[in-house]
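Close look at the chain arrangement
Residues per chain are reported as follows:
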Amino acid sequence: MRRALRRTMFAAAAVAFGGAASAAPVAWRVDQFEVVQAEPFSPRASLEDDFARIVQMFGWDTMDPVDVEHDLTPATKAAMETFLHQSAQRLQAWGFPEPRLTDVVTRADGATAYRVYYTNIPDAAGLYDFVDPNNPVVPDYPAMFVDADDVMDENGVTPKGYQVLAHELFHAVQHNTAFFRARDNVNTWITEGQARAVAYDILRLEKSDTFNQADTGDAWGARDYSQSLVVAPTDGDPHPIRGYRTSSFWRYLAEVEYKKTHPSTEPFPTEFVEDVDYGYLAQFLNQFTTEPGARGELRWLDAMVRSHPHMRVPLRDYFAEFLVAYAAYGDARVPETTSGGSRDGFWRTNGFQQHRPSDGFELRDGCWTAQLSPQTRLVGVPFQINKNAGVCIDLTLDGFDSDTSVTITLNALNAKSLSQLRIGVAGELRTAKTQWTAGSDGESRTRHNFRVAAGETTTFVVVNMASDPSATTTHLAGVVF
């Protein structure tokens with residue numbers, strides 16, 4: 001009954017959404033933290049034992065100490081608590097609501113704080129856990145846990161450890177928003193992608209030296225965007241890494257928001273590292289949809305982007321411009337110490353992995369390749385492009401003495417499929433929209449002119465997303481140079 005009433009109230013709020021200019025800072029009632037090397041109640045009770053939760057209903061604050069490889073020292077305890085407080089300050093400044101956490105305690109220094117459990121967690125670095133709200137006997141009991149082996153080593157808190165602290169705190173914040181309260185299940189690209197984006201950016205802003213020691217793919221969100229933007233759990237993989245690394249997309253929107261609130265000579269984010277403003281996400285999560293599944297999530301996000309005062313365009317436009325910028329992140333964001341070839345090659349290999357094989361065409365660093373010369377002036381590259389995804393194509397001009405204007409024709413089987421496509425040059429600020437014409441063979445096609453440097457490789461990105469992203473289809477397409 002409580003869940004049904006909650007949804008009715010939110011539905012009324014959603015109809016009234018108009019979109020504020022920017023999320024206003026908020027003040028949480030509690031923004032300090034106490035990290036304890038313990039578990040609440042009896043061992044594993046926080047995860048498995050409903051009876052122990054009933055004990056908590058009567059006000060008994062009991063904890064069980066735990067044995068871990070690296071004990072919590074006064075220094076590491078203070079480092080974690082300080083970073084959590086800094087994270088809370090960032091989240092308040094961006095306008096996020098306070099976290100949904102139950103354990104509020106008084107620390108030895110007299111400060112009111114949320115308790116965080118430093119313990120052993122099977123198969124996870126951190127956990128935000130709460131009881132099924134439909135359970136009529138046991139109340140909600142949300143709490144934060146971090147795994148000792150993942151967040152600490154002999155030198156203290158690890159770069160991953162700091163990220164985990166902010167990541168789990170953001171999960172607690174998510175679950176106090178209208179969007180999450182209105183839905184029984186939210187797919188990984190939203191839950192984990194948002195949490196990882198926010199957590200790593202907080203780490204970058206608060207501890208840049210520590211951030212630079214983090215795993216490059218995790219920190220910058222190197223994921224395969226030749227597969228759909230939407231990532232959901234599967235039977236074989238309940239926590240797909242692509243979902244976490246969709247952080248790169250949510251970070252891009254935070255870069256858009258920062259650009260629009262801090263005008264500069266370049267109005268759109270580029271491949272170079274940008275400042276961020278997650279105020280847009282605080283606003284988005286304050287609205288919700290009752291439409292279930294990936295379809296509801298995509299339509300919710302499209303509505304938020306169209307309504308937000310600093311965006312006001314369809315999601316398809318921002319997604320296309322994101323992928324065009326993302327394809328060039330390698331040399332700008334990947335550290336030079338990254339092993340395995342060039343920084344750009346490392347990035348694109350991770351970023352565009354799952355192309356369907358096309359006979360007679362070569363993949364290099366995740367992209368199709370094509371070459372033009374004075375003797376070969378026409379080259380076609382056919383491919384399958386997945387829904388809400390993209391492909392990249394490397395074009396090399398060989399034997400030309402100067403830069404050349406190249407006409408590119410995009411082909412698709414029909415006007416509907418072609419209308420879903422955008423094309424742009426990696427690292428440029430804008431993408432070209434398709435205006436189709438029908439060919440004599442019945443295919444639909446559109447032509448675009450680009451200036452291409454002689455003797456160099458230019459990367460083109462083709463993006464497939466419909467005006468209604470939930471209606472996007474996977475289809476065959478092609479590029480002719």
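A brief look at the structure comes next. If you're wondering where the values come from, they're calculated on a predicted model, not measured in any experiment. (Residues numbered from 1 in each chain as written. Predicted model: local features only at pLDDT ≥ 70, side-chain atom pairs only at ≥ 80, totals over all residues. Heavy atoms only, no water.)

Turning to the nonpolar core, a few remarks are in order. Counting residues in each nonpolar core, the largest one holds 98 residues, and the members touching the most others are Leu91, Phe96, Tyr118, Phe249, Trp250, Tyr278 and Leu281. Apart from residues lying up to four places away in sequence, tyrosine 278 is in contact with Trp94, Phe96, Ala197, Val198, Asp201, Trp250, Arg251 and Ala254. Formed by 27 residues, the second largest nonpolar core is a distinct cluster that contains Leu395, Phe400, Leu418 and Phe450. (Core = buried A, V, L, I, M, F, W, Y, C linked by side-chain atoms within 4.5 Å. Buried < 20%, exposed > 50% of the residue type's maximum accessible area, 1.4 Å probe, protein only. Contact = heavy atoms within 4.5 Å.)

The subject of this paragraph is the pattern of salt bridges. Summed over all chains, the structure comprises 18 salt bridges. In this structure, the salt-bridge partner of aspartate 218 is arginine 245, at a minimum N-O distance of 2.9 Å. Separated by 27 residues along the polypeptide, aspartate 218 in helix α10 (residues 216-220) and arginine 245 in the loop between α11 (241-244) and α12 (247-261) bring together distant segments of the chain. Judged on exposure class, the residue aspartate 218 and its partner arginine 245 are both buried. A salt bridge links arginine 295 to glutamate 291, with the nearest nitrogen and oxygen atoms 2.8 Å apart. Bridged by salt links that share partners, the residues Lys77, Glu81, Arg107 and Asp109 form one connected network. (Salt bridge = Lys/Arg side-chain N within 4 Å of Asp/Glu carboxyl O. Helix = DSSP H or I, 4+ residues; strand = E, 2+ residues; numbered from the N terminus.)

Let's shift gears to the environment of serine 470. Position of serine 470 among the secondary structure elements: in the loop between β19 (457-464) and β20 (475-480). Spatially, the C-alpha atoms of serine 470 and glutamate 297 are 8.6 Å apart, while their sequence positions differ by 173 residues. Here the side chain of serine 470 touches arginine 295 through a polar contact of 3.4 Å, side chain to side chain. At 2.7 Å, the side chain of serine 470 and the side chain of aspartate 468 are in polar contact. (Polar contact = N/O pair within 3.5 Å; in protein donor to acceptor, adjacent residues only side chain to side chain.)

A few words on the environment of phenylalanine 272. If you trace the backbone, phenylalanine 272 turns up in the loop between α12 and α13 (279-285). Residues phenylalanine 272 and alanine 332, 60 residues apart in the sequence, show an inter-C-alpha distance of 5.3 Å.

To continue, consider the pairing of strand β1 (residues 32-36). Of all five residues making up β1, four are buried, and the element is well covered by its neighbours. Summarising the sheet, β1 and strand β5 (residues 112-119) pair through five bridges and their orientation is parallel. The partner of valine 36 across the bridge, within β5, is tyrosine 117. (Pairing = 2+ DSSP bridges.)

Any pair of aromatic rings gets described here by the distance separating the centres and the angle formed by the planes. Applying the stated criterion to the full structure yields 27 aromatic pairs. For the ring pair phenylalanine 33 and tyrosine 114, a centre distance of 5.7 Å and an interplane angle of 45° mean the geometry is tilted. Here phenylalanine 33 is found in strand β1, whereas its partner tyrosine 114 is found in strand β5, with 81 residues between them in sequence. Judged by its relative accessible area of 0%, phenylalanine 33 falls in the buried class. Seen from their ring centres, tyrosine 329 and tryptophan 347 are 5.7 Å apart, and the 50° between their planes marks the pair as tilted. One end of the pair, tyrosine 329, is in helix α16 (residues 329-333); the other, tryptophan 347, is in helix α17 (residues 343-351), with 18 residues separating them in the sequence. Tryptophan 347 carries the same exposure label as tyrosine 329, and that label is buried. Lying over the aromatic face of tyrosine 225, arginine 223 brings its terminal NZ or CZ to 4.1 Å of the ring centre. (Phe/Tyr/Trp six-rings, centres within 6.5 Å; stacked < 30°, edge-to-face > 60°. Lys NZ or Arg CZ within 6 Å of the ring centre and 35° of its normal.)

Okay, the packing of helix α8 (residues 188-206) against helix α14 (residues 293-307) next. Remark: α8 packs on α14, axes separated minimally by 10 Å, with the N-to-C direction vectors making an angle of 55°. What the angle tells us is that α8 and α14 run oblique. Side by side, α8 and α14 meet where Trp189, Ile190 and Gln194 of the first sit next to Glu297, Leu298, Trp300 and Leu301 of the second. Here the residues of the contact of α8 with α14 sort into five nonpolar, one polar and one charged. (Axes fitted to C-alpha atoms, helices over the stretch in contact; angles between N-to-C directions. Parallel < 35°, antiparallel > 145°, perpendicular 65-115°, else oblique. Nonpolar A, V, L, I, M, F, W, Y, C, P; charged D, E, K, R; others polar.)

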